[in-house]
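# Examination of the molecular architecture
In case you want the letters, here they are:
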Amino acid sequence: DVCSSDLNGPLYRLAWLLVGLPLLVLAFSVSRPAALPVPGLPPAFDGTTAAGIADDLATRYPDRVPGTPGAREAQTWFTNELDPYGFDVHRDPFTATVRGRKTTLVNLVAVKNGLSPREIVVMAHRDDSGLGNGLDDNGSGTGALIELARSYAPTHAGQLDYSLVFVSTDGGEEGSLGAAHFAAEKATRTNVVAVINLDSIGGTGVPRLEFAGDSARSPAPGLLETMREALDKETGEAARPGALAQLVGLAFPFNTYEQAPFVSAGIPAVTVTTAQARADASKTRTLDVAPVTEVGLATEDAIGAMEEGVTLAQGPSSYLFLGQRVLTGWAIEFVLIAMLLPFIAAAVDL
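Residues numbered from 1 in each chain as written. Predicted model: local features only at pLDDT ≥ 70, side-chain atom pairs only at ≥ 80, totals over all residues. Heavy atoms only, no water.

### Focus on the side chain of N197
To keep things clear, this is the line we draw: We count a stretch as a helix when DSSP gives it H or I for four or more residues in a row; a strand needs E for two or more, and each element gets its number in order from the N terminus. Here the term buried applies to any residue with accessible area under 20% of the maximum for its type, exposed to any over 50%, and partly exposed to those in between, with areas from a 1.4 Å probe on protein chains only. Here a polar contact means two N or O atoms within 3.5 Å. Within protein one must be a hydrogen donor candidate and the other an acceptor candidate, and residues neighboring in sequence count only if both atoms are side-chain atoms.
Examined against the element boundaries, N197 turns out to sit in strand β5 (residues 192–198). On the accessibility criterion, N197 (0% relative accessible area) is buried. A distance of 3.0 Å separates the side chain of N197 from the side chain of T271, its partner in a polar contact.

Here you go:
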């Protein structure tokens, strides 16, 4: 039998002492990303109007599963909603397998041209699961998308630094199919500086940021801090996944929200949601106008901050957010590997 006296105590203690070096490196890798300053522009977003648009979509076309008649009619509805504001809505069809069948899906893209070819994308998926009427998931995001587009209509005076692109994606409930298609386009990878995705923003939960990818990558921390400060300004609080959830997300990368394909492609992206997971569309009967208003105004603030022409610093390729500080991914890996040393030393010694 092996007892504790068989261990080489000094060797074991030395191995634990060596763990202190990576911890020291980790401490020096901590940084605090800066948010872009939010300009003091008068608000133009109307949450009541956005909620009304969402209700109209859910009432007219409660079944918007890709490939169904309701989904096709919702495409025309979206185009008609933006037509009075001078938008030329571009159809971007693509083919994907939905529930075992090859189906044609359509992303709808409206652009407010700026002085620069660089683009800020605001996005929301238009489809639903077919259960219930999809009022919150994602009528609420679609209503806010249209109301935000109205705020920046081409018919309005004023010139933007960056172009603004409003994207109504298809296949969000089927694995972010529309977002993945849009993220894979060459123009997206070249021109897009940031993506803000709105998903289920009319629920009772605290507005929360989702920023995990489908690979072990993280978006530009400056985008998250800018969005967080904008939400704090409007709501007084904004939630983020905890450190353990972030670590698990990096170790086993998979996320159901539509920022994920962009983050994996190296494009800064974040989702704002009030749902704790994918919203249960079958139980949503009414929207809470307050969070729709708050998220819409915060998105408007974040757009205004980025429209000042300041480039978002990419920062480390992966990290953990702890409060308002960032722990670099490679330093965390260094610590976790170093923590194996005492156990390896003990095993070899035994």
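Back to the write-up after that little detour.
### Details of a nonpolar patch on the surface
Here is the rule: Each patch is built from salt-bridge-free residues with over 30% relative accessible area, joining like charges within 9 Å and nonpolar side chains (Val, Leu, Ile, Met, Phe, Trp, Tyr) within 5 Å. Method for areas: the Shrake-Rupley scheme with a 1.4 Å probe, in which residue coverage is limited to the protein chains shown. Counted as salt bridges are all cases of a side-chain nitrogen of Lys or Arg within 4 Å of a carboxyl oxygen of Asp or Glu.
Taken together, W16, L244, L247, V248, F252, L336, M339 and F343 make up a surface patch of nonpolar side chains, about 810 Å² in accessible area. Within the secondary structure layout, L247 lies in helix α8 (residues 243–251).

### A few points about the packing of aromatic side chains
Note the cut-off: Here the aromatic set is Phe, Tyr and Trp, taking the six-membered ring for Trp, and pairing holds for ring centres within 6.5 Å; pairs whose planes are under 30 degrees apart are stacked, those over 60 apart are edge-to-face, and all others are tilted. The criterion for a charge sitting over a ring is simple: Lys NZ or Arg CZ within 6 Å of the ring centre, and within 35 degrees of the ring normal.
Under the definition given, this model contains five aromatic pairs. Relative to F321, the ring of F211 lies with its centre 6.3 Å away and its plane at 75°, an arrangement referred to as edge-to-face. Of this pair, F211 sits in the loop between β6 (208–210) and α7 (221–235) while F321 sits in strand β8 (residues 319–322), placing them 110 residues apart in sequence. Each of the two residues, F211 as well as F321, counts as buried. Among the aromatic residues, ring-to-ring pairing joins F87, Y152 and F166 into one connected group. Above the plane of the ring of F321 lies R240, whose end atom (NZ or CZ) is 4.0 Å from the centre.

### Structural notes on the nonpolar core
To keep it simple, the criterion reads: Think of a nonpolar core as a cluster: buried Ala, Val, Leu, Ile, Met, Phe, Trp, Tyr and Cys residues, connected wherever their side-chain atoms sit within 4.5 Å. The contact criterion used is simple: two residues touch if any of their non-hydrogen atoms lie within 4.5 Å.
Ranked by size, the top nonpolar core spans 56 residues in total, and within it F166, L198 and M227 carry the most contacts. At eight residues, the largest contribution of residues to this core is made by helix α10 (residues 289–306). Excluding residues within four positions of it along the chain, F166 makes contact with F87, L108, V109, A110, V122, L145, L148, A149 and Y152. Grouped together as the second largest cluster of nonpolar side chains are 15 residues, V167, F182, V263 and A265 included.

### Some words on the pattern of salt bridges
Summed over all chains, the structure comprises eleven salt bridges. Among the ionic pairs, E174 bridges to R99, the shortest N-O distance being 3.1 Å. Of this pair, E174 sits in the loop between β4 (160–169) and α5 (177–184) while R99 sits in the loop between β1 (90–98) and β2 (101–112); the two residues are 75 residues apart in sequence, bridging distant segments of the chain. By relative accessible area, R99 is classed as exposed at 54%. Between R208 and E210 there is a salt bridge, with its nearest N and O atoms 2.8 Å apart.

### So, empty space enclosed by the protein
As a reminder, the rule being used: We place a 1 Å grid over just the protein atoms. Points where a 1.4 Å probe fits but has no way out form a cavity, open points with protein on both sides within 12 Å along at least 5 of 7 lines form a pocket, and any residue with an atom within 4 Å of a point lines it. Grid points are joined across faces, edges and corners, and a volume is the space filled by probe spheres set on the points. Gly is placed with the polar residues, together with every amino acid not listed as nonpolar (Ala, Val, Leu, Ile, Met, Phe, Trp, Tyr, Cys and Pro) or charged (Asp, Glu, Lys and Arg).
Per the counting criterion, the structure on display carries one cavity of 30 Å³ or more. Approximately 30 Å³ is the volume attributed to the largest cavity. Considering only residue class, the lining of the largest cavity consists of four nonpolar, three polar and one charged.

### A few points about the pairing of strand β9 (residues 325–328)
Note the following rule: When DSSP finds two or more bridges between two strands, those strands count as paired.
As paired elements, β8 and β9 share four bridges and run antiparallel to each other. Bridge pairing links Y319 to T328 in β9. The turn linking β8 back onto β9 is made up of two residues, and G323 within it adopts a positive phi angle of 65°.

### A short note on the packing of helix α2 (residues 47–60) against helix α3 (residues 69–82)
This is how it is decided: The axes used here are C-alpha line fits, helices contributing only the stretch in contact, and every angle between their N-to-C directions lies in the interval 0 to 180 degrees. An angle below 35 degrees is treated as roughly parallel, one above 145 as roughly antiparallel, one from 65 to 115 as roughly perpendicular, and anything else as oblique. Helix crossings fall into two classes, left-handed where the near helix is turned counterclockwise from the far one by less than a right angle and right-handed where it is turned clockwise.
Put simply, α2 and α3 touch, their axes get as near as 11 Å, and they point 155° apart. When the interaxial angle is binned, α2 and α3 end up roughly antiparallel. Between α2 and α3 lies a crossing whose hand is right-handed. In contact with I53, D56, L57 and R60 of α2, α3 contributes A74, W77 and E81. Here the contact of α2 with α3 is composed, by residue class, of four nonpolar, no polar and three charged.

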